[in-house]
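Below are the chains, spelled out letter by letter.
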Amino acid sequence: MTDGDEVDADDAESVDPNEYDALVDADVTTWVDENGLHIAEDEITGVSSQGQSERAAVANLAEAVGSYRDAQEDTTGDNWL
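For clarity, every value in this text was computed on a predicted model and none was experimentally measured.

Next up on the list: the pairing of strand β1 (residues 28–32). Two elements, β1 and strand β2 (residues 38–42), share five bridges in a ladder whose sense is antiparallel. Bridging from a neighbouring strand, V32 pairs with H38 of β2. Hairpin remark: β1 followed by β2, antiparallel, with five residues in the connecting loop; positive phi at G36, about 85°.

Right, dumping it as structure tokens:
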């Protein structure tokens, strides 16, 4: 293997979305796009994210899904008056 063919440790290991609290009940799909970016998508919420490695994409997705769920639970109205 030459220097240009080295595999990043993050790319070599499989990522378990259940490692992230926000993704425990998620249905996560990952793939690499035509530009080499790793994409992670939660099929349930439709939220997706990207990263330079699969682990980064899933970590970013966990944060995005957490924010999405927080926003869904946020109630607006006159309760603060």
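Moving on from the coordinates now.
Once that is clear, we can look at the nonpolar core. Ranked by size, the top nonpolar core spans 11 residues in total: V15, Y20, A22, L23, A40, V47, A57, V58, L61, A62 and V65. In terms of residue count, the dominant contributor to this core is helix α2 (residues 54–73) (five residues). Setting aside chain neighbours within four positions, we find L61 in contact with L23, V28, A40, E41, D42, V47, S48 and S49.

Where a strand is regular, its side chains alternate between the two sheet faces. Burial along strand β3 (residues 48–51) is one-sided: the residues S49 and G51 are buried and none of S48 and Q50 is. Bridge analysis of β2 against β3 gives four bridges, and the strand direction is antiparallel. Within β3, the position partnered with H38 by the bridge is G51. The turn linking β2 back onto β3 is made up of five residues, and G46 within it adopts a positive phi angle of 85°.

Along the chain, the position of V58 falls in helix α2. Between the alpha carbons of V58 and I39 there is a distance of 8.0 Å; along the sequence they are 19 residues apart. If we skip the residues at most four places from it in the chain, V58 touches V15, P17, Y20, L23, T30 and A40.

Before going further, it helps to spend a moment on α2. Helix length check: α2 (20 residues) gives 28 Å between terminal C-alpha atoms against 28 Å at 1.5 Å per residue, within 8%. Listed in full, the buried residues belonging to α2 are R55, A57, V58, L61, A62 and V65. Down the axis of α2, the buried set is contained in an arc of 150°. They therefore lie on one face. Among the exposed residues of α2, those pointing more than 90 degrees away from its buried face are E63 and D70.

Mapped onto the fold, S49 is located in strand β3. Not counting chain neighbours up to four residues away, the residues in contact with S49 comprise H38, I39, A40, A57, N60 and L61.

What counts as what
Residues numbered from 1 in each chain as written. Predicted model: local features only at pLDDT ≥ 70, side-chain atom pairs only at ≥ 80, totals over all residues. Heavy atoms only, no water. Pairing = 2+ DSSP bridges. Helix = DSSP H or I, 4+ residues; strand = E, 2+ residues; numbered from the N terminus. Core = buried A, V, L, I, M, F, W, Y, C linked by side-chain atoms within 4.5 Å. Buried < 20%, exposed > 50% of the residue type's maximum accessible area, 1.4 Å probe, protein only. Contact = heavy atoms within 4.5 Å. Expected span 1.5 Å × (residues − 1). Arc of directions from axis to C-beta.

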